[in-house]
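# Commentary on secondary and tertiary structure
These are the residues of each chain, in order.
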Amino acid sequence: MPNAKLILNDKEYEFPVFAGSENEVAIDISKLRAQTGAIAYDPGYGNVGACSSSITYIDGDAGILRYRGYPIEQLATQATFVEVCYLLIYGHLPTADELEKFNARLNKHSLVHEDMKKLFEGYPPSAHPMAIMSAMVISLSAYHPDLLDPEIIDTNIMRLLAKFKTLAAFTYKKSVGQPYVYPRSDLSYTADFLHMMFSVPTHDYDIPDVVVKALDLLLILHADHEQNCSTSTVRMVGSSQANVFASVAAGVNALWGPLHGGANQEVIMMLEDIHKDGGDVQKYVNMAKDKNSHFRLFGFGHRVYKNFDPRAKILGKAADDVLNALHVTDPLLDIARGLADAALSDPYFIERKLYPNVDFYSGIIYRALGIPTSMFTVMFGLGRLPGWISQWKEMHNDPQTRINRPRQIYTGETARDYVPVDQR
Ligand code: CMC
C-alpha cells in the first residue's frame, strides 16, 4: 500500500499504511512526533488504533461481531460460555478433551481463600456490588502472588476466571445477608454460578435449563468487544506490567460507569421511571433530544455500531423467548419496545444513527432470571471477563507492547512567577 502523505508547515512527510485481515486500513503514525514535532489529537480515541489484535472483529456499519473469526450469531446459538472463554483465551475452539480439562481446572480453582470472607464482612450490606467486586479482584493478587513464569500466569488466569463467579455470587449473598454458598464441581460454570446465587442452606436451588441457557447467552454476548473502555483500561494498566488481577480490577472499575457497563442498571431504572410516570415513552424520547435536559436514552447509541448492534438484535428476540418460557410478564418489556419504536422512527435518532445496544434488553432478561438490578453490571463483568483476560494476555505476550502513555495539548497558563500569600 502506498504511504500516506501529510503536509505540515509546507513540508511533506510520509507515513506507512497497512491493513488488517479484514482490510481495515491504518496509517502508522508512531513516528509522527519524532518526525514532525506534532502529535495526533483525538479526544475519546475515536480514530486511534492503540494495538493490533487477533481476538475480536467488529464492523460497526454492517453490524458484524466475530470472536476469533466465529460470528456472534453462531456462538450465541451453538456454544456454551465456557467454550467461548476457551476460544477467546487460547485462540481456538476446544476439542472435547481440552474442554474437559478446562472445566476440571475451572472446578479446581473455584473456591476462594476462606480469609476472603472476612473482607466481605467489612462492607456495609448497602455497598454497591461493583465496589466490592473491584476490591475482591485486586485482593486475589494478595492470595496468589504474581510471578512472570508463563505457567503461573496461566494458572492465575484460571484462578481469576474460576473465582470471579464465586466472588460475584458472594457479593450478592452479602447484599441480602444470606450465608455464602460454596461452588459445586458437578455443575457447569453457569449452573454453578446460579447455584451459589440462589441456593440457601435449607434449600438447594433447582436450576432450570432455560435459565442456564439464557445466562449462557447473555455471558457469550458480553464476552469481548475489542478495544472498549474497560478493555482499553485493562490493556493500559497491564502495559506497565501490572499483573492480571490488578489489570482486570481496573477494568471492573471502568465498566461500572453508566456510559459503559453501568448502562444496563440505568436502563431498568429508566424503564421503571417511565412505567411509574404512566408509560408515556414519547415524553422520554423528547427529553433525550433536549440538550438542556442532560437526559440520555440509556441502552441507546454506540461508538462503533452505526446500523444495529447484533447483540441487541439477538437479545431483543431472546427477551420474548425467555420471558415466555419462564411464564414471566414484565410491563417493562412493553415499555422498552414502545420506547425503541418511538426512538427508531424519530429523525434525531435516525440522523445520529442511534440504535438499541446490548444493554437495552439485557436487564429485562436478568430480571426474569431473578437477578436484582444492582447486580446487572457485575453480570456484565462476569461475561466480559474472558475478553479482558484474553486481551491482557495478548498484550502481555506482544513484543510491540510499550507502556501506554498518551500525550496532550497543554492549554493552561504559560510560565509565571510565584506570588507570596500576603501579596495575592
Ligand atoms: N440518547 C440521546 N442522545 C444520544 C444518545 C442517547 N443514548 N447517545 C448519543 N446521543 C447523541 C449525542 O448527544 C450526540 O448528539 P450531538 O451530535 O447533537 O451532540 C450524538 O448522539 C453522538 O453521541 P456521542 O456521545 O458523541 O457518541 P459517543 O460515541 O461518544 O458515545 C455512547 C457512545 C454509548 C457513550 C452514547 O451513545 C451514550 O451515552 N449512550 C447511552 C449510554 C449507553 O447505553 N451505554 C452503553 C453502551 S453499549 C455497552 C458498552 O459497550 O459499554
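Residues numbered from 1 in each chain as written. Predicted model: local features only at pLDDT ≥ 70, side-chain atom pairs only at ≥ 80, totals over all residues. Heavy atoms only, no water.

### Remarks on the overall build of the chain
Scanning the chain for helices and strands turns up 18 helices and 7 strands. Computed over its C-alpha atoms, the radius of gyration of the chain comes to 23 Å, within 12% of the 22 Å expected for a compact globule of 424 residues. The principal-axis extent of the C-alpha atoms belonging to the chain is close to 75 × 65 × 55 Å. Each of the 424 residues in the chain was classed as buried or not, and the buried ones make up 48%. For the chain, contacts bridging at least 24 residues in sequence account for 69% of all contacts bridging at least 6. Within the structure as shown, the chain displays about 21300 Å² of accessible surface, and the carbon and sulfur contribution to it stands at 52%. Computing the positive centroid from 40 side-chain charges and the negative centroid from 49, the chain places the two 4 Å apart. (Helix = DSSP H or I, 4+ residues; strand = E, 2+ residues; numbered from the N terminus. Rg over C-alpha atoms; globule rule 2.2 N^0.38 Å. Buried < 20%, exposed > 50% of the residue type's maximum accessible area, 1.4 Å probe, protein only. Contact = heavy atoms within 4.5 Å. Areas by Shrake-Rupley, 256 points an atom, 1.4 Å probe, with all protein chains shown as cover. Lys, Arg positive; Asp, Glu negative; His and termini not counted. Charge placed at Lys NZ, Arg CZ, Asp CG, Glu CD.)

### Side note on the site of the ligand
In the vicinity of the ligand lie 20 residues, with His260, Arg296, Leu297, Gly299 and Arg303 positioned nearest. A distance of 2.6 Å is found between an oxygen atom of the ligand and a side-chain nitrogen or oxygen belonging to Arg296. In the model, a nitrogen atom of the ligand is placed 2.8 Å from a nitrogen or oxygen of the Phe300 main chain. Relative to its unbound accessible area of 930 Å², the ligand is 76% covered by the protein chains. Here the shell around the ligand is built from residues that sort into 9 nonpolar, 6 polar and 5 charged. (Near = heavy atom within 4 Å. Polar contact = N/O pair within 3.5 Å; in protein donor to acceptor, adjacent residues only side chain to side chain. Nonpolar A, V, L, I, M, F, W, Y, C, P; charged D, E, K, R; others polar.)

### Brief notes about a nonpolar patch on the surface
The grouping of Tyr45, Val48 and Met236 at the surface amounts to a nonpolar patch, some 290 Å² of accessible area in total. Inspection of the secondary structure assignment puts Tyr45 in the loop between helix H1 (32–36) and strand S5 (56–59). (Patch = residues over 30% accessible without salt bridge, like charges linked within 9 Å, V, L, I, M, F, W, Y side chains within 5 Å. Salt bridge = Lys/Arg side-chain N within 4 Å of Asp/Glu carboxyl O.)

### Some thoughts on the environment of Leu339
In this structure, Leu339 sits in helix H15 (residues 331–344). Assessed through its relative accessible area of 0%, Leu339 is described here as buried. Along the chain, Leu339 and Leu369 lie 30 residues apart, while their C-alpha atoms are 23 Å from each other. Excluding residues that lie within four positions of it along the chain, Leu339 makes contacts with Met270, Leu271, Ile274, Val281, Tyr284, Val285, Leu297 and Phe360.

### Some thoughts on the sheet that holds S5
The antiparallel open sheet is built from 3 strands, whose spatial order is S5-S6-S7. Among the strands making up the open sheet, the edge pair consists of S5 and strand S7 (70–71). Summarising the sheet, S5 and strand S6 (residues 64–67) pair through 4 bridges and their orientation is antiparallel. Its bridge partner being in S6, Thr56 is matched across the sheet by Tyr67. (Pairing = 2+ DSSP bridges.)

### Description of the packing of aromatic side chains
Using the criterion set out here, one finds 16 aromatic pairs in the structure. For the ring pair Phe120 and Tyr180, a centre distance of 5.5 Å and an interplane angle of 55° mean the geometry is tilted. In this pair, Phe120 is assigned in helix H5 (residues 116–121) and Tyr180 in the loop between helix H7 (150–176) and helix H8 (189–198), connecting sequence segments 60 residues apart. By relative accessible area, Tyr180 is classed as buried at 19%. Plain terms: the ring middles of Tyr366 and Phe376 are 5.5 Å apart, the flat faces sit at 35° to each other, and that makes the pair tilted. Here Tyr366, found in helix H17 (residues 359–369), pairs with Phe376, found in helix H18 (residues 376–397); they are 10 residues apart in sequence, far enough to count as distant. For Tyr366, a relative accessible area of 0% corresponds to the buried category. On the accessibility criterion, Phe376 (0% relative accessible area) is buried. (Phe/Tyr/Trp six-rings, centres within 6.5 Å; stacked < 30°, edge-to-face > 60°.)

### Re the state of the cysteines
Considering all chains together, one arrives at 0 disulfides under this definition. A disulfide-free cysteine, Cys51 has its sulfur positioned 14 Å from the sulfur of Cys229, the nearest such atom. Using a relative accessible area of 30% as the deciding quantity, one classes Cys51 as partly exposed. (Disulfide = S-S within 2.5 Å.)

### Some words on the packing of helix H13 (residues 281–289) against H15
Two numbers describe how H13 lies on H15: the axes approach to 9 Å, and their chain directions differ by 50°. By the angle between their directions, the pair H13 and H15 is classed as oblique. For the pair H13 and H15, the sense of crossing is right-handed. Here Val281, Gln282, Tyr284 and Val285 of H13 come into contact with H15, specifically with Ile335, Gly338, Leu339, Ala342 and Ala343. (Axes fitted to C-alpha atoms, helices over the stretch in contact; angles between N-to-C directions. Parallel < 35°, antiparallel > 145°, perpendicular 65-115°, else oblique. Left-handed = near helix turned anticlockwise from the far one by under 90°.)

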